[in-house]
Structure formats: C-alpha cells, structure tokens
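Observations on the model geometry
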Amino acid sequence: MSDLPPHPETDPAGHTDPASGPPIGGWSRRRKALVIAAVVGVLVLFAVLHLTGVVGGEGH
C-alpha cells in the first residue's frame, strides 16, 4: 500500500502555513484547557463557600 499524499497546508517538514490560521469553527487546546480550568475553579469556589456556610444552608 502506498503512502497517503501530504496535507496541502503542510510542507514536507510538517510545518503548517501560518497564513491559513486555525481551523474554522474549531477550538484550540489552549481555549479548551482555559474553559475547563475556569469551570473547575468556579465549582471549587462554590464548594468552599458552601462548606464554610457563606452560600446555602441555614442562611436565614
């Protein structure tokens, strides 16, 4: 079986064309990591505030 042809946006060394930019509609790994970190941070903050009695519980 022969090798597949190279992707048109890459050179033989595997570098992508900087002018092509990121894929349309796709999220980069960095953006996914930041979103996940923000969600986890908010959940941890809410858990800490809940356990210390600041949020929820017997607040009246």
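In this report, we go over the structure that sits alongside the text. (Residues numbered from 1 in each chain as written. Predicted model: local features only at pLDDT ≥ 70, side-chain atom pairs only at ≥ 80, totals over all residues. Heavy atoms only, no water.)

**Things to note about the overall build of the chain**
For clarity, the threshold we go by: A run of H or I in DSSP becomes a helix once it reaches four residues, and a run of E becomes a strand once it reaches two; helices and strands are each numbered from the N terminus. The rule is simple: take the accessible area with a 1.4 Å probe, protein chains only, and divide by the maximum for that residue type; under 20% is buried, over 50% is exposed, in between is partly exposed. Surface exposure here means Shrake-Rupley accessible area, sampled with a 1.4 Å probe, where a residue is shielded only by the protein chains that are shown.
Counting secondary structure elements, the chain contains one helix and zero strands. The 60 residues of the chain split such that 0% are buried. When the accessible surface of the chain is totalled, it reaches about 5900 Å², and 67% of it is carbon and sulfur.

**Looking at a nonpolar patch on the surface**
The following threshold applies: Each patch is assembled from residues with relative accessible area greater than 30% and no salt bridge, linking like charges that lie within 9 Å and nonpolar side chains (Val, Leu, Ile, Met, Phe, Trp, Tyr) that lie within 5 Å. Criterion for a salt bridge: a side-chain nitrogen of Lys or Arg within 4 Å of a carboxyl oxygen of Asp or Glu.
Side chains of Trp27, Val35, Val39 and Leu43 sit close together on the surface and give an oily, nonpolar patch of about 390 Å² of accessible area. Judged by its relative accessible area of 55%, leucine 43 falls in the exposed class.

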